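# Chain and residue survey
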Amino acid sequence: MNSTNNTDCVFVGGGAHNLIIIIALIIVIVCGFLGNVAIVYVILRHNHLRTLTNLIIASISVGSIISTSICSPIDLYRLHWGYQDWKLSSFVCKTFWLLEMGTNITFALHIALFAIYRLKTILNPYKVIDVSRAKLVICMSLLWFLSFALAIPALYYARVREQGQHVCYIASCSIRKEDGEEHHYVTMSFFVIFSLVYIMIVMTSLTFCCFSFCGKSSNPESDQSESQPKEMRKESTRDGTFSRGIEMSKAFADYKNSSIRGRTTRKMFVSKQQKENFIQFLFILSSFLIGYTPIVVFVMLKLINNTQNSNLYNEPQQYSTKWTNLFTRVGEFLFFITVMCGTKKLRKPIGMLLKSIFYRN
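Residues numbered from 1 in each chain as written. Predicted model: local features only at pLDDT ≥ 70, side-chain atom pairs only at ≥ 80, totals over all residues. Heavy atoms only, no water.

## Re the overall build of the protein
Helix and strand counts for the protein stand at 11 helices and two strands. Taken from the N to the C terminus, the helices and strands of the protein come in the order α-α-α-α-α-β-β-α-α-α-α-α-α. A burial count over the protein gives 50% of its 361 residues as buried. Within the protein, contacts between residues separated by at least 24 positions form 79% of all contacts whose residues are at least 6 apart in sequence. Accessible surface, the protein as shown: approximately 17500 Å² in total, 66% of it carbon and sulfur. (Helix = DSSP H or I, 4+ residues; strand = E, 2+ residues; numbered from the N terminus. Buried < 20%, exposed > 50% of the residue type's maximum accessible area, 1.4 Å probe, protein only. Contact = heavy atoms within 4.5 Å. Areas by Shrake-Rupley, 256 points an atom, 1.4 Å probe, with all protein chains shown as cover.)

As structure tokens, this is what we get:
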């Protein structure tokens, strides 16, 4: 029989190991929440910062706010104090798994959207992407709807085990079957979605590398006229992103200056703006890779060892679950850090906002 009483389980619930994880989680949860709130506030507060890229960043931050304010505190309780004796209601358990799975998928799909859009702006530094704010908002709304539609089965699978039904090394509030095995839908959907996002990240990165080192010469005059900056300004005003047109005009001017100096050979970056876009691309993708790589690897190993159930639910798995959970929460905090490091125009207003909050006299 797989279920046992709590007194028969060797519970990994104390000691320095869990204390370190709890302290680290509390720090990254608080910092991640404040940081992502600051990102959303600054973007919505300043109209000139509501560019298409920043709107995607704001949407990701909204998901991180939901996660850090609701999912993370409940998960902290679930994996520690409520691990064997869940004191909260079954509704809280089901809601947690719906929001947890929904926000994770939302994060992944938005990262894919960001990678595609940012890659286009990197590969075409002298061209304004013809996408209005309204179209982008509709696209992001569809991603949110799709994410939570995929997460709805978690409401059915999530359950709270009573003390007498508890399975050792599995949290009382979980989405496992009564015998402790994983539901194939939850595991496979998570693995497939995140694997596709990983593949997309690799493909976009390789595309840029091939374009930079093996692609066309950095000569915009082959397909762009010198009057293009004016056209860019005209196109950019249609959706209110006038600053985007100015950036492209500066990028075009940077190239013309370098062209006059004779530097028309192939090079990795043809303008300062293109370089800044690529740095932002790397920074934000790194937060996703750091936060979700451990859990994707963990899920993959569980799928590989799916036939060895007797060795699957043990003390090392509980340690792994807690550490992968920590990495996921760190990823939400790192998103704020990478936005600050990689997005120059958001760095100053966010820094001023946080400074006014913490250093107010």
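## Considerations on the state of the cysteines
Here the structure, examined in full by the defined rule, presents one disulfide. Across the disulfide from Cys93 sits Cys173; the S-S distance is 2.0 Å. Its torsion about the S-S bond being 100 degrees, the disulfide of Cys93 and Cys173 is classed as right-handed. Here Cys173 lies in strand S2 (residues 173–174) and Cys93 lies in helix H3 (residues 90–123), a separation of 80 residues in the sequence. Since its relative accessible area comes to 0%, Cys93 is described here as buried. (Disulfide = S-S within 2.5 Å.)

## Digging into the nonpolar core
Ile111, Phe288 and Ile350 are the most contacted members of the largest nonpolar core, which has 72 residues in total. Mapped by element, the contributors of at least two residues to this core are helix H1 (15–45), helix H2 (52–78), H3, helix H4 (133–151), helix H6 (184–213), helix H9 (272–304), helix H10 (315–342) and helix H11 (344–358). Broken down by element, the residue count for this core peaks at 19 residues, all from H3. (Core = buried A, V, L, I, M, F, W, Y, C linked by side-chain atoms within 4.5 Å.)

## Notes on the confidence of the model for the protein
Mean pLDDT over the protein stands at 76; residues scoring 70 or higher make up 70%. Contacts for the low-pLDDT stretch residues 216–243, under 50 throughout, to residues beyond four places or in other chains number 54 contacts. In this model residues 307–313 is a low-confidence stretch, pLDDT under 50, and it forms 10 contacts with partners more than four residues away in sequence or in other chains. (pLDDT = per-residue confidence, 0-100.)

## Section: the environment of Gly291
Relative to the helices and strands, Gly291 resides in helix H9. Judged by its relative accessible area of 0%, Gly291 falls in the buried class. Expressed as a C-alpha distance, the spacing of Gly291 and Phe327, which sit 36 residues apart in the sequence, is 4.9 Å. Residues within four places of Gly291 in sequence aside, it is in contact with Phe327, Thr328 and Gly331.

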